[in-house]
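Observations on the three-dimensional arrangement
So the chains spell out like this:
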Amino acid sequence: FCFPIPTGAVFGHITAALLPRALQDKGITITKKQAYQFIRELRRYKKLHPDWVLVDVESSDGEMVKITV
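Residues numbered from 1 in each chain as written. Predicted model: local features only at pLDDT ≥ 70, side-chain atom pairs only at ≥ 80, totals over all residues. Heavy atoms only, no water.

1. Structural notes on the overall build of the chain
Formally: In this text, helices come from DSSP runs of H or I with a minimum length of four residues, and strands from runs of E with a minimum of two, each type numbered from the N-terminal end. Atoms considered for the radius of gyration are the C-alpha atoms alone. The globule rule reads 2.2 Å times the number of residues to the power 0.38. Per-residue accessibility, obtained with a 1.4 Å probe over protein chains only, is compared with the maximum for each type, and a residue is labelled buried under 20%, exposed over 50%, and partly exposed between these values. By the convention used here, residues are in contact when the closest approach between their heavy atoms is within 4.5 Å. Per-residue and other accessible areas follow the Shrake-Rupley method at a 1.4 Å probe size, with only the shown protein chains counted as cover for residues.
Assigned secondary structure in the chain consists of three helices and two strands. Computed over its C-alpha atoms, the radius of gyration of the chain comes to 14 Å, more than 25% above the 11 Å expected for a compact globule of 69 residues. With the C-alpha coordinates of the chain rotated into their principal frame, the extents come out at 40 × 30 × 20 Å. Considering the chain as a whole, with its 69 residues, one finds that 14% of them fall into the buried category. In the chain, 19% of the contacts between residues at least 6 apart in sequence involve partners at least 24 apart. Counting only carbon and sulfur atoms, one obtains 59% of the accessible surface of the chain, whose full area is about 6,000 Å².

Right under this line is the structure:
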């Protein structure tokens with residue numbers, strides 16, 4: 001299956017606003033400003049490296065998950 005999701009939807013202001021609370025549950029503390037800067041750098045990296053693969057996993061039974069942004 002292929003589910004195209006725009007990079008802006010995944011790496012946008014809403015994600016940056018929600019990221020600190022999600023990470024706080026894992027014991028990681030960052031500010032909204034830091035989260036936005038991190039997401040901005042991910043977007044910049046994607047522009048420099050268009051073939052970048054965020055996740056590439058293959059299970060023992062042959063199923064594959066590949067996430068590109």
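2. Some remarks on the pattern of salt bridges
Put simply, the test is: Throughout this description, the term salt bridge denotes a Lys or Arg side-chain nitrogen within 4 Å of a carboxyl oxygen of Asp or Glu.
Counted under the stated rule, the structure contains one salt bridge. Here R44 makes a salt bridge to E41, at a shortest N to O gap of 2.8 Å. Of the two residues, R44 and E41 both sit in helix α3 (residues 32-48), three residues apart, roughly one turn of that helix.

3. Brief notes about the environment of Y36
Mapped onto the secondary structure, Y36 falls in helix α3. In this structure, the C-alpha to C-alpha distance between Y36 and F11, residues 25 residues apart in sequence, is 8.8 Å. Beyond its immediate stretch of four places on either side in the chain, Y36 contacts H13 and A16.

4. Concerning the pairing of strand β1 (residues 53-58)
Looking along a regular strand, one sees the side chains alternate between the two faces of the sheet. For clarity, the cut-off: Pairing between two strands requires that DSSP report at least two bridges joining them.
Note: β1 against strand β2 (residues 64-68), five bridges, orientation antiparallel. The partner of D56 across the bridge, within β2, is K66. Taking the residues that link successive antiparallel strands as the turn, the β1-β2 hairpin has five residues, and the phi of G62 there is positive, at about 95 degrees.

The values reported here are purely geometric and, on their own, carry no functional implication.
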